[in-house]
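Residue-level listing of the chains:
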Amino acid sequence: MKEFREQIPVTRDYIYLNHAAISPTPIFALMESFGYLYGVSSRGSLHVNSVEKDDFYSMRKTISNFINSYPEEVSFIPNTSYGINMIVHGLSLTKGDQVLTDNLEFPATVYPLYKLAKRGVEIRMVKSSPERLEDAILEQITDSVRLIVLSHVSFNTGVRLDVKRIADKAKKNGSLLLVDAIQSAGAMKIDVKEIGVDFLVAGGYKWMMSPQGSGFMYVRKGLIPDPPFYGWKTSSTFMEFNAESFSLEEGPRRFEIGTMDVSANLAMTKVAERLTPIRDEVERRVLDLSARVIDLAEDKGLEVVTPREKRAGIVIVKTKDPKKVAEELLAKRIVVSPRGSGVRISTHFYNEEEEVDRAVTEIKNLQA
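Notes on the structure in this doc start here. Remember, predicted model here, so these are calculated numbers, not experimental data.

## A short note on the sheet that holds strand E11 (residues 337-339)
Taken together, the three strands give an open sheet; going across it, the order is E9-E12-E11, and neighbouring strands pair in antiparallel fashion. Edge positions in the sheet fall to strand E9 (314-318) and E11, since each of these pairs with one other strand and no more. Strand-to-strand, the axes of this sheet are offset by a mean angle of 40 degrees, without reference to chain direction. As paired elements, E11 and strand E12 (residues 342-346) share three bridges and run antiparallel to each other.

## What to know about the packing of helix H2 (residues 27-43) against helix H10 (residues 262-275)
The interhelical angle for the contact between H2 and H10, taken along N-to-C directions, is 145 degrees, at an axis separation of 8 Å. Here H2 and H10 pass one another in a crossing that is right-handed. Where H2 abuts H10, its residues Phe28, Ala29, Glu32, Ser33, Tyr36 and Leu37 lie against Val262, Ser263, Ala264, Leu266, Ala267, Lys270, Val271 and Arg274. In terms of residue class, the contact of H2 with H10 is made up of nine nonpolar, two polar and three charged.

## Some words on empty space enclosed by the protein
The tally for this structure, following the rule as stated, stands at three cavities of 30 Å³ or more. Its volume calculated, the largest cavity comes out at about 70 Å³. Together, Phe66, Gly186, Ala187, Met188, Lys189, Ile190, Leu275, Arg279 and Val282 line the largest cavity. The class makeup of the residues in the lining of the largest cavity is six nonpolar, one polar and two charged. Estimated volume of the second largest cavity: approximately 50 Å³.

## Observations regarding the packing of aromatic side chains
Summed over the entire model, instances satisfying the criterion amount to nine aromatic pairs. A ring pair is formed by Trp232 and Phe238, whose centres lie 5.3 Å apart and whose planes are at 70 degrees; its orientation type is edge-to-face. Put simply, the rings of Phe4, Phe28, Phe349 and Tyr350 touch in pairs and so form one group of aromatic residues. In this arrangement the basic side chain of Arg333 is found over the ring face of Tyr14, its NZ or CZ atom lying 4.4 Å from the centre.

## Let's talk about the packing of H2 against helix H3 (residues 45-52)
When two helices pack together, their arrangement is captured by the angle between the axes and the distance separating the axes. Taken N-terminus to C-terminus, the directions of H2 and H3 make an angle of 135 degrees; their axes are 6 Å apart at the nearest point. As summarised for this structure, H2 and H3 are arranged oblique, according to the angle between their axes. Counting all contacts with H2, which are made through Gly35, Tyr36, Gly39, Val40 and Arg43, the residues of H3 involved are Ser45, Leu46, His47, Val48, Ser50 and Val51. When its residues are assigned to classes, the contact of H2 with H3 shows five nonpolar, five polar and one charged.

Procedures and definitions
- Residue numbers run consecutively from 1 along every chain, following the written order of its sequence.
- In keeping with the predicted nature of the model, local features appear solely for residues at pLDDT of at least 70, side-chain atom pairs appear and are counted solely at 80 or more, and the whole-chain, interface and lining totals rest on all residues.
- In computing side-chain properties, one takes all heavy atoms of the structure into account and sets aside hydrogens as well as water.
- Paired strands, in this sense, are two strands between which DSSP finds at least two bridges.
- Under the scheme used here, helices are H or I runs from DSSP no shorter than 4 residues and strands are E runs no shorter than 2 residues, and both carry numbers assigned from the N terminus.
- To define axes, lines are fitted to C-alpha atoms, for helices over the stretch in contact only, and angles between the resulting N-to-C directions are given on a 0 to 180 degree scale.
- Here a crossing is called left-handed whenever its near helix is offset anticlockwise from the far helix by less than a right angle, and right-handed whenever the offset is clockwise.
- When checking whether two residues touch, look at their non-hydrogen atoms; a contact exists if any pair is within 4.5 Å.
- In this classification, the charged set is Asp, Glu, Lys and Arg, the nonpolar set is Ala, Val, Leu, Ile, Met, Phe, Trp, Tyr, Cys and Pro, and all remaining amino acids, among them Gly, are polar.
- Residues are said to line a cavity or pocket when one of their atoms sits within 4 Å of a point; the points come from a 1 Å grid over protein atoms alone, cavities being sets where a 1.4 Å probe fits but cannot get out and pockets being open sets with protein on both sides within 12 Å along at least five of seven lines.
- Grid points are joined across faces, edges and corners, and a volume is the space filled by probe spheres set on the points.
- Classification of ring pairs rests on two measures: the distance between centres of Phe, Tyr or Trp rings, Trp counted by its six-membered ring, which must be within 6.5 Å, and the angle between planes, read as stacked under 30 degrees, edge-to-face over 60 and tilted in between.
- A ring is scored as having a charge over it whenever the NZ atom of a lysine or the CZ atom of an arginine sits within 6 Å of its centre and within 35 degrees of its normal.
- Should an angle fall under 35 degrees it is taken as roughly parallel, and over 145 as roughly antiparallel, whereas 65 to 115 is taken as roughly perpendicular and any remaining angle as oblique.

Rendered as structure tokens:
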């Protein structure tokens, strides 16, 4: 852990507890990105062609190892919104079909569904407290639901859903499950085969500590063979540059409709490569630190929104005027975010206990 922490310059100036917003990029990942950009600067298309010669198979392999999928099921995406849109509009949902989601989602997870509603797809919104969210979703899964769209970890409550439990019921009812994992990938161990999801999307700039513009999408084999949008790389013969010839790509490139941010995704795959061997350790550490936040906050008489037994790396501590509290913490070089009725503390595995203690103590002092 110490070796990894030394790769993160922000730790020299701040107590950084804001990984649910944007994570600092480790030096080794930054250099992976810079190395590509410098290669383009010094060799132009020669360097680009050398990196792309395997159609990014080696990068897909790294991400597939990270989530236990097949490389052919991994596509690179510029952000979570892109991935969600690609999936929900690629399923040919029509009038009378039902999509299930909930009211605690980040807008990027839900807004693409409103476009479906314009063509008659019914959007069913589960409304629940953080404590009951998982059970409330399970109660609403019926044979009429074609697709379930939800976050593995809630951005504004910190609740971590038991995705496998939901996936098991979805499968019994013939429903597909799309999971937004941007608040869990990199913090929680994800095994797509074990939990049984059909689709999973994640931007790389939060817990995967990668540049904006990086991200990946998992689509289970056999699903969405024909993507909703075409671009020049959607064709299996794209290198022929022939506008009169199109042959649909069958592999994961079918979703990568144009040129992607190679440097950002190289950085993300390098982080995934570093984290894969220590995924269990990373998850334990993240859970230990979030538990420490809850214990300390409750000991000091502060109210915690995040249920202890359903936590991941995010803890919401209730405060008066969250925005002001976050600003005053920043003045003390403690970085958090105001969210909902409190401040959001999001600790990654390299954070130290003393940083957590200092942050919670300062929050308590500001509430006095």
